[in-house]
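One letter stands for each residue in the lines below.
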Amino acid sequence: ITPNTILLLASAPQYCHGIVDPIEQIGEIAAEFGLPLHVDACFGGFMLPWVEKLGYELPQFDFRVNAVTSMSADIHKYGFGLKGSSVVLYRSNDIRKYQIFAYSEWPGGLFGSPGLAGTRPGRC
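Quick caveat: nothing in here was measured; it's all calculated off a predicted structure.

A. Just the layout of surface pockets, in detail. Looking at the second largest pocket, its volume works out to about 260 Å³. Looking at the second largest pocket, the residues that line it are L7, P36, L37, H38, T69, S70, V88, Y90, I95, Y98 and Q99. Mapped by element, the contributors of at least two residues to the lining of the second largest pocket are β2 (37–40), β3 (68–74) and β4 (86–90).

Take a look at the structure:
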């Protein structure tokens, strides 16, 4: 961690080995340095809650860890959504507001988008 570090990132689980990072411990480091912690749950976001509900012991990987500020999950993996569709979840609107992009000098008028691409293929 250096002065240039802007956030910490963990996986729940990591693709393709299914390893859940030690998010509680990474959260302690994030809190110590005042950094946001994003959990990439793109592979397991729609699977891990059910695995836990079946009685398997899992480390905490979600907003139950106080330092987790955002999470991502791919709807197209186990959420039965279209290929290429994902969600980003934020602990609070204070963080989400930084995702919105607005540009007033676009030739077509005011352009606003909650994502980098600004648009998605028609199938999503």
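Structure's up, so let's keep going.
B. Region of interest: a nonpolar patch on the surface. Judged by side-chain polarity, I1, I29 and F33 come together as a nonpolar surface patch covering roughly 290 Å² of accessible area. Along the polypeptide, I29 turns up in helix α1 (residues 23–33). According to the relative accessible area criterion, I29 is partly exposed, its value standing at 38%.

C. Up close: the pattern of salt bridges. Tallied over the entire structure, the rule returns two salt bridges. When the shortest N-O distance is used, the salt bridge between E52 and R64 registers 3.1 Å. Taken together, the residues span a long stretch of sequence, with E52 in helix α2 (residues 48–53) and R64 in the loop between α2 and β3 at a distance of 12 residues. Residue classification places R64 among the partly exposed positions, given a relative accessible area of 39%. Residues joined in a network through salt bridges with shared partners are E52, D62 and R64.

D. Spotlight on the confidence of the model for the chain. Confidence in the prediction for the chain averages 85 pLDDT; 90% of positions are at 70 or higher. Confidence, read as mean pLDDT per element, is least for helix α3 (residues 75–78) in the chain (73) and greatest for α1 (97).

Reading the values: the criteria
- Residues numbered from 1 in each chain as written.
- Predicted model: local features only at pLDDT ≥ 70, side-chain atom pairs only at ≥ 80, totals over all residues.
- Heavy atoms only, no water.
- 1 Å grid on protein atoms, 1.4 Å probe; cavity = no way out; pocket = protein on both sides within 12 Å on 5 of 7 lines; lining within 4 Å.
- Points joined across faces, edges and corners; volume = space filled by probe spheres on them.
- Helix = DSSP H or I, 4+ residues; strand = E, 2+ residues; numbered from the N terminus.
- Patch = residues over 30% accessible without salt bridge, like charges linked within 9 Å, V, L, I, M, F, W, Y side chains within 5 Å.
- Areas by Shrake-Rupley, 256 points an atom, 1.4 Å probe, with all protein chains shown as cover.
- Salt bridge = Lys/Arg side-chain N within 4 Å of Asp/Glu carboxyl O.
- Buried < 20%, exposed > 50% of the residue type's maximum accessible area, 1.4 Å probe, protein only.
- pLDDT = per-residue confidence, 0-100.

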